[in-house]
Amino acid sequence: MTTMLKTGLDHPVTGVRDLVDYLKSGARPPEKWGVGVEMEKLVLDVHSGEAVALERIEVLFERLASLGPWKRIHEQGRLIALRGPDSSVTLEPGGQLELSGALCPDLYCCLGDFCRYAAQIVEQAESLGLLFLGLGVQPFSNPDDIGWLPKARYDIMRSYMSKTGDMGHRMMKQSAGLQVNLDFSDEQDCIEKMRVAQWLSPLFYALFANSPIMDDRPTGFLSTRGEIWSRTDPDRTGLLLGLFAGNADLGTYAEYALDVPMYFIHRQGRMLDMTGERFSFRRYLAEGFDEARPTLADWDLHLSTLFPEVRLRPQIELRSADSLPPRLALAVAALAKGLLYDRESRRAVASIFEELGVEKFLQVYRNSWKMGLKTPFGNRTLREVTLDILSLARDGLRRQHRQGLDRPDESQFLDQIGEIAESGLTLAERLLAGWQGSRAEKLSLLREHCGYSFCS
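This write-up is about the structure you can find in this document. Since we're looking at a predicted model, the values are computed, not measured.

In this section: the overall build of the protein chain. Regarding its fold elements, the protein chain presents 17 helices and 17 strands. Computed over the C-alpha atoms, the radius of gyration of the protein chain is 21 Å, within 12% of the 23 Å expected from 2.2 N^0.38 for a compact globule of 456 residues. Expressed along its principal axes, the backbone C-alpha trace of the protein chain runs to roughly 60 × 55 × 40 Å. Counting across all 456 residues of the protein chain, residues that qualify as buried make up 61%. Positive and negative side-chain charges in the protein chain, numbering 54 and 63 respectively, have mean positions lying 0 Å apart.

What follows is the structure, given as structure tokens:
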């Protein structure tokens with residue numbers, strides 16, 4: 001998320017208190033709260049449907065760089081990212097394109113940022129033979145046919161992930177998600193928001209399920225991306241059950257992060273691989289690593305390698321939604337903002353899930369990416385719960401509008417997902433219903449289902 005340059009990260013870490021204080025440093029007063037959206041999308045060849053090679057994306061980046069105030073970012077001699085004053089365009093390991101949008105005071109600001117970027121890439125799409133899809137998993141190309149982005153960080157991660165699960169490489173090269181970044185005012189507010197965001201994770205999987213196809217065939221999951229993440233690395237993915245405890249605080253998150261094995265640290269322009277001995281940050285804090293001693297920069301980097309459903313960097317990041325068609329991209333942020341930035345709605349959500357209980361919730365969570373809105377939820381279904389929660393989100397956004405914490409009423413961003421909840425038919429199920437015929441016919445279906453076009 002492109003927000004502000006972090007300063008003072010060369011400060012040595014002397015104990016756990018420094019790490020917790022760093023998490024607390026993300027606090028802001030409510031009048032300065034923002035919302036940020038990170039939108040990943042798949043880049044396919046318009047004729048074959050296969051993932052495109054980096055060389056073709058580099059041409060796209062060069063063209064984008066000529067259109068605006070982008071700074072070119074190179075690694076290993078390759079153009080791999082563009083950085084602007086308030087946002088950035090980067091690549092995931094398999095060439096998925098991500099916009100990390102500006103931190104905005106409201107969703108209309110996010111929409112403007114997104115539309116400017118979407119217009120730029122769509123304008124170049126035809127001449128470059130590219131198709132951009134808001135879809136959660138590559139529909140045709142398998143991992144062996146997708147190249148690796150030349151980035152030292154990913155070189156280390158891909159080697160390590162081959163040992164921690166059976167789908168780490170699929171996660172890196174085939175999947176695409178949509179993340180929402182939100183603020184908090186103090187420690188209690190942060191934990192309350194993170195706890196509720198975790199309760200909401202199965203609802204986000206179900207409502208935004210949009211990845212039922214992989215390797216050109218149905219997978220049996222509506223969010224195959226959810227299944228992929230569950231089989232990537234149990235140390236750093238999934239739910240943090242400690243946050244559900246009544247006495248949870250930012251130390252709870254720090255203690256979790258301390259015990260996750262580290263990937264690397266950055267020294268003198270190089271990534272130092274720390275995966276050989278499953279070296280935790282706790283051990284690093286106690287022993288150092290060769291001549292290196294921990295700094296806040298190391299902690300900040302380590303936090304970026306944790307992938308739970310809700311993480312702290314130190315903004316709160318919600319990570320459960322699949323990549324979506326452009327028309328729905330801001331709906332995820334609207335749902336999160338309406339529920340988490342309004343205390344009344346947030347606590348109403350908490351009461352719904354607390355009544356269910358953690359054990360039954362875990363079953364809902366595990367079923368959500370397979371059964372979608374049909375997932376049983378106590379004596380109801382997740383669809384019925386979603387309808388109630390959408391109403392709470394609308395109320396929350398309208399109260400924020402009346403209180404003057406943002407400019408216009410943002411509740412209209414929920415309209416299209418309201419239709420999904422009413423029908424109970426997810427994007428994934430709609431795609432599956434038409435998945436037949438030739439490759440060309442499937443590509444036509446995908447273009448209509450989730451292809452990028454100019455914002456209206």
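Text resumes after the structure shown.
With that settled, consider the side chain of Asp189. By the element assignment, Asp189 lies in helix α6 (residues 187-207). Polar contacts involving the side chain of Asp189 include one to the side chain of Lys193, which spans 2.9 Å. In contact with Asp189, other than residues within four places in its own chain, are Trp33, Phe184 and Arg346.

Right, let's talk about the packing of aromatic side chains for a bit. Describing an aromatic ring pair means giving the distance of the ring centres and the angle of the ring planes. One pass over the full model with this rule turns up 21 aromatic pairs. Seen from their ring centres, Tyr365 and Trp369 are 5.2 Å apart, and the 85° between their planes marks the pair as edge-to-face. Of this pair, Tyr365 and Trp369 both sit in helix α13 (residues 358-371), 4 residues apart, which is roughly one turn of the helix. Residue classification places Tyr365 among the buried residues on the basis of a relative accessible area of 10%. Here a set of aromatic residues connected by ring pairs shows up, and it is made of Trp199, Phe244, Phe353, Phe361 and Phe377.

Take the packing of helix α11 (residues 329-340) against helix α14 (residues 382-403) next. As a packed pair, α11 and α14 sit with axes 7 Å apart at the nearest point and diverge in direction by 75°. In terms of orientation, α11 lies roughly perpendicular with respect to α14. Residues Ala334, Leu335, Lys337, Gly338 and Leu339 of α11 form the contact with α14, whose participating residues are Ile389, Leu390, Leu392, Ala393, Gly396, Leu397 and Gln400. A breakdown of the residues in the contact of α11 with α14 according to their chemical character gives 8 nonpolar, 3 polar and 1 charged.

A regular strand places its side chains so that they alternate between the two faces of the sheet. In terms of residue burial, strand β7 (residues 177-182) counts as a mostly covered element, since 6 of its 6 residues are buried. As paired elements, strand β1 (residues 35-45) and β7 share 5 bridges and run antiparallel to each other. Following the sheet pairing, Glu38 is matched in β7 by Gln179. Taken together, the 5 bridges between β7 and strand β15 (residues 316-322) define a ladder with antiparallel strand orientation. What sits directly across from Asn181, in β15, is Glu317.

Of all hydrophobic cores here, the largest spans 145 residues; its most connected members are Leu97, Phe208, Leu330 and Leu335. Sequence-distant contacts of Phe208, that is, excluding residues within four places in its chain, are made with Leu203, Ala321, Asp322, Leu324, Ala331, Val332, Leu335 and Ile417.

For the structure shown, the criterion picks out 1 disulfide. One disulfide bridge connects Cys104 with Cys109, the sulfur atoms lying 2.2 Å from each other. Here the S-S torsion is close to -55°, and the disulfide linking Cys104 with Cys109 is therefore left-handed. What makes Cys104 buried here is its relative accessible area of 1%. Cys190 takes part in no disulfide bond, and the closest cysteine sulfur to it belongs to Cys110, at a distance of 20 Å.

Below, the discussion takes up unusual backbone geometry. The omega torsion of the bond from Arg313 to Pro314 falls at 5°, within 30 degrees of zero and hence cis. By secondary structure assignment, the location of Pro314 is in the loop between β14 (310-312) and β15. One non-glycine residue, Asp215, lies in positive phi territory at about 55°. Assignment of secondary structure puts Asp215 in the loop between β8 (213-214) and β9 (217-218). The phi torsion at Asp290 lies on the positive side, around 55°, for a residue other than glycine.

Let us now look at the packing of helix α2 (residues 54-65) against helix α3 (residues 107-128). Close contact between α2 and α3 brings their axes to 10 Å; oriented N to C, the two are set at 135°. Of the possible angle classes, the one that applies to α2 and α3 is oblique. Between α2 and α3 the crossing geometry is right-handed. Every residue of α3 that contacts α2 at Arg56, Val59, Leu60, Arg63 and Leu64 is listed here: Gln120, Ile121, Gln124, Ser127 and Leu128. Here the contact of α2 with α3 is composed, by residue class, of 5 nonpolar, 3 polar and 2 charged.

So, on to the side chain of Ser100. One can find Ser100 in strand β5 (residues 97-100). Among the residues examined, Ser100 registers a relative accessible area of 4% and is labelled buried.

Cut-off values and rules
Residues numbered from 1 in each chain as written. Predicted model: local features only at pLDDT ≥ 70, side-chain atom pairs only at ≥ 80, totals over all residues. Heavy atoms only, no water. Helix = DSSP H or I, 4+ residues; strand = E, 2+ residues; numbered from the N terminus. Rg over C-alpha atoms; globule rule 2.2 N^0.38 Å. Buried < 20%, exposed > 50% of the residue type's maximum accessible area, 1.4 Å probe, protein only. Lys, Arg positive; Asp, Glu negative; His and termini not counted. Charge placed at Lys NZ, Arg CZ, Asp CG, Glu CD. Polar contact = N/O pair within 3.5 Å; in protein donor to acceptor, adjacent residues only side chain to side chain. Contact = heavy atoms within 4.5 Å. Phe/Tyr/Trp six-rings, centres within 6.5 Å; stacked < 30°, edge-to-face > 60°. Axes fitted to C-alpha atoms, helices over the stretch in contact; angles between N-to-C directions. Parallel < 35°, antiparallel > 145°, perpendicular 65-115°, else oblique. Nonpolar A, V, L, I, M, F, W, Y, C, P; charged D, E, K, R; others polar. Pairing = 2+ DSSP bridges. Core = buried A, V, L, I, M, F, W, Y, C linked by side-chain atoms within 4.5 Å. Disulfide = S-S within 2.5 Å. Left-handed = near helix turned anticlockwise from the far one by under 90°.

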